[in-house]
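The lines below spell out each chain.
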Amino acid sequence: AAYTEHAYVLEASNDDVLAFMEEVLDATMDDSLGADELVSLVLKTGEVGVEAMRLLDEANTGTYGNPEPTQVNLGVRPGPAILISGHDLRDLEELLEQTKDRGVNVYTHGEMLPANAYPAFKKYDHFVGNYGGSWWHQQREFESFGGAIMTTNCLVQPRESYKHRLFTTGLAGWPGVAHIADREPGQQKDFAPVIAAALAGNEPASLEEGTIPIGFARATVMSVADKVIEAVQAGDIGRFVVMAGCDGRHTSREYFTDVAKELPADHVILTAGCAKYRYNK
């Protein structure tokens, strides 16, 4: 549902996906359905979920270009700052446009990290890198950030220490947190309150230094398919491992990290989901 909504914002939609979501919601209230019918709906959910991902990929790459290999800055720069978390690339685009020449640096957080690899966003000099890790580190990282924060997705109960400079938008919301209204047809969202909070806030505290490589998405991998095949045939690549799913909030959930650490050096990890935040540094 979230991916479908983000694609819809970029004017990419599939009525069959929307109709299926209504169908399965209705099925949860239908006590006449047996195990066979319910299992069939679960399998169809996977099929429709892949279509939703295809739709979002098409919307994002069609609008902002294919992600390309990129070294993303993990440090901070002096000056007022905005941290944007979530998935919505149109929100990021409009925020970057409205902060242009305002002396405000924009950082990504959590699932917004991949945005740094899209060509369309690299023209913004004030789009300076990524701050922190995955969504479940929010309370500590939002507090240390100091500037304005905006999210379109996962939100952990905000601390009072930063609640006044936190903003939600889109389908996300929290009692007592300011919300940026949906855009009117043909217009951008109004991020003026977020910018004002950034200008009145503090500079972000440094969490780490250096860079992290990202942007090895489908188009990038396929562009060097011949070299990948040669590496497999030569024995330099032993296996591909797809590690998908979410990186759960509980610190005891170290499964993805343990697997990544134990895989031999000739194995290539392909990530499909925010499990990557367990081991991408």
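Cut-offs applied
- Residues numbered from 1 in each chain as written.
- Predicted model: local features only at pLDDT ≥ 70, side-chain atom pairs only at ≥ 80, totals over all residues.
- Heavy atoms only, no water.
- Buried < 20%, exposed > 50% of the residue type's maximum accessible area, 1.4 Å probe, protein only.
- Helix = DSSP H or I, 4+ residues; strand = E, 2+ residues; numbered from the N terminus.
- Pairing = 2+ DSSP bridges.
- Axes fitted to C-alpha atoms, helices over the stretch in contact; angles between N-to-C directions.
- Parallel < 35°, antiparallel > 145°, perpendicular 65-115°, else oblique.
- Left-handed = near helix turned anticlockwise from the far one by under 90°.
- Contact = heavy atoms within 4.5 Å.
- Nonpolar A, V, L, I, M, F, W, Y, C, P; charged D, E, K, R; others polar.
- Salt bridge = Lys/Arg side-chain N within 4 Å of Asp/Glu carboxyl O.
- 1 Å grid on protein atoms, 1.4 Å probe; cavity = no way out; pocket = protein on both sides within 12 Å on 5 of 7 lines; lining within 4 Å.
- Points joined across faces, edges and corners; volume = space filled by probe spheres on them.
- Core = buried A, V, L, I, M, F, W, Y, C linked by side-chain atoms within 4.5 Å.
- Arc of directions from axis to C-beta.
- Lys, Arg positive; Asp, Glu negative; His and termini not counted.
- Polar contact = N/O pair within 3.5 Å; in protein donor to acceptor, adjacent residues only side chain to side chain.

Novice: Give me the lowdown on the pairing of strand β5 (residues 148-151), citing residues and values where you can.
Specialist: Burial along β5 is two-sided: the residues Ala148 and Met150 and Ile149 and Thr151 are all buried. Across 4 bridges, the pairing between strand β2 (residues 81-85) and β5 is parallel. Across the sheet, Ile82 pairs through a bridge with Ala148, a residue of β5. In this structure, β5 lies alongside strand β6 (residues 166-169), joined through 3 bridges in parallel fashion. Residue pairing for β6: Ile149 is matched across the bridge by Leu166.

Novice: I'd like a rundown of the sheet that holds β5, residues and numbers included.
Specialist: Pairing between the strands of a sheet comes from backbone hydrogen bonds, and it takes one of two forms, parallel or antiparallel. Spatial strand order, β4-β3-β2-β5-β6-β7: 6 strands in an open sheet with parallel pairing. Only two strands of the sheet have a single neighbouring strand rather than two, namely β4 (127-130) and β7 (178-180). When the angles between neighbouring strand axes are averaged without regard to direction, this sheet yields 25°. In this structure, β2 lies alongside strand β3 (residues 105-109), joined through 5 bridges in parallel fashion.

Novice: Explain the packing of helix α2 (residues 15-27) against helix α3 (residues 35-64) to me, and be specific about the residues and the numbers.
Specialist: Running from N to C, α2 and α3 point in directions that differ by 155°, and their axes come no closer than 11 Å. Classified by the angle between their axes, α2 and α3 sit roughly antiparallel to one another. Every pair of crossing elements has a handedness; the one defined by α2 and α3 is left-handed. Residues Val17, Phe20, Glu23, Val24 and Ala27 of α2 lie in contact with α3, whose contacting residues are Leu41, Lys44, Thr45, Val48 and Glu51. For the contact of α2 with α3, the residue count by class is 6 nonpolar, 1 polar and 3 charged.

Novice: Give a detailed account of the pattern of salt bridges, specifying residues and quantitative values.
Specialist: Going through the model one piece at a time under the given rule, you end up with 14 salt bridges. A salt bridge links Glu143 to Arg159; the nearest nitrogen and oxygen atoms lie 3.1 Å apart. With Glu143 in helix α5 (residues 138-145) and Arg159 in the loop between β5 and α6 (160-163), the pair connects residues that are 16 residues apart, well separated along the chain. The class of Glu143 is partly exposed, set by a relative accessible area of 37%. As a salt-bridge pair, Glu254 and Arg278 come within 3.6 Å of each other at their nearest N and O atoms. With Glu254 in the loop between β9 (239-244) and α10 (255-262) and Arg278 in the segment after β10 (267-272), this residue pair connects regions lying 24 residues apart in the sequence. The partly exposed category is assigned to Glu254, whose relative accessible area is 30%. Ionic contacts of the salt-bridge type, sharing partners, join the residues Arg90, Asp91, Glu94, Arg183 and Lys189 into one network.

Novice: Describe in detail empty space enclosed by the protein, supporting the description with residues and values.
Specialist: Evaluation of the coordinates by the stated rule reveals 1 cavity of 30 Å³ or more. Of the volumes computed, that of the largest cavity is approximately 40 Å³. Every residue along the wall of the largest cavity is listed here: His6, Leu10, Leu56, Asn60, His87, Asp88, Leu89 and Arg90. Residue assignment for the lining of the largest cavity shows that the elements contributing at least two residues are α3 and α4 (89-99).

Novice: I'd love a proper account of the nonpolar core, names of residues and values included.
Specialist: With 30 residues, the main nonpolar core has Ile82, Leu92, Phe121, Phe127 and Val194 as its most contacted residues. Listed by contribution, the elements that provide at least two residues to this core are α3, β2, α4, β5 and α7 (192-200).

Novice: Which residues make up α7, and what values do they have?
Specialist: Each turn of an α-helix holds 3.6 residues, which means side chains three or four residues apart point in the same direction. If you check which residues of α7 are buried, you get Val194, Ile195, Ala197 and Ala198. Relative to the axis of α7, the buried residues are bounded by an arc of 160° and lie together on one face. Buried residues belonging to α7 abut β2, α4, β5, β6 and β7.

Novice: Lay out the side chain of Arg165 with the relevant residues and their values.
Specialist: Within the secondary structure, Arg165 sits in the loop between α6 and β6. Glu143 provides the closest opposite charge to the buried, unpaired Arg165, separated from it by 6.7 Å. At 3.2 Å, the side chain of Arg165 and the backbone oxygen of Phe142 are in polar contact. With near-sequence residues (within four places) excluded, Arg165 lies in contact with Phe142, Glu143, Phe145, Gly146, Gly147, Ala148 and Ile149.

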